[in-house]
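# Fold and contact review
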Amino acid sequence: MLEEQLHSISILLRSNPGMALLLAVVVVVFFYFRPKAMFRLTLFSLFIVLVFYFIIQIAGMISTGSQQKDRMIYKSRDVIGE
């Protein structure tokens, strides 16, 4: 999911180099004039991304475990003949 979003953003910026350049200039200007606020924003954004990443990973593990449990239950029922 995250990889798909990054890929989409990459394609968008490659197809619009003017917009990518403008975005880069704006970020550099903000880092130059307000470095403390931009570093806080960067750290907060990184924290949010990590939280969502862990939530997605945990949800994936839970769904995989429940799928395996269902398969084991159905295999047992097939062997018993229910």
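This text goes with the structure placed above it.
Attention here is on the structure that accompanies the text. (Residues numbered from 1 in each chain as written. Predicted model: local features only at pLDDT ≥ 70, side-chain atom pairs only at ≥ 80, totals over all residues. Heavy atoms only, no water.)

## Notes on the overall build of the chain
For the chain, the helix and strand inventory stands at three helices and zero strands. The secondary structure elements of the chain, listed N-terminal to C-terminal, are α-α-α. Taking all 82 residues of the chain together, the buried fraction comes to 1%. Accessible area of the chain: about 7,600 Å², with a carbon and sulfur share of 72%. (Helix = DSSP H or I, 4+ residues; strand = E, 2+ residues; numbered from the N terminus. Buried < 20%, exposed > 50% of the residue type's maximum accessible area, 1.4 Å probe, protein only. Areas by Shrake-Rupley, 256 points an atom, 1.4 Å probe, with all protein chains shown as cover.)

## Overview of the packing of aromatic side chains
Under the definition given, this model contains three aromatic pairs. Geometrically, the ring pair formed by F31 and F39 is edge-to-face, given 5.1 Å between the ring centres and 70 degrees between the ring planes. On the basis of relative accessible area, F39 is assigned to the exposed category, the value being 51%. Ring plane angle 85 degrees and centroid distance 5.0 Å describe the contact between Y32 and F33, whose orientation is recorded as edge-to-face. The same class applies to Y32 and to F33, which are both exposed. (Phe/Tyr/Trp six-rings, centres within 6.5 Å; stacked < 30°, edge-to-face > 60°.)

## Quick look at a nonpolar patch on the surface
A grouping of L43, L46, L50, Y53, F54, I58, M61 and I62 is seen on the molecular surface, where their side chains present a nonpolar patch of about 840 Å² in accessible area. As for its position among the elements, L46 is in helix α3 (residues 35-80). (Patch = residues over 30% accessible without salt bridge, like charges linked within 9 Å, V, L, I, M, F, W, Y side chains within 5 Å. Salt bridge = Lys/Arg side-chain N within 4 Å of Asp/Glu carboxyl O.)

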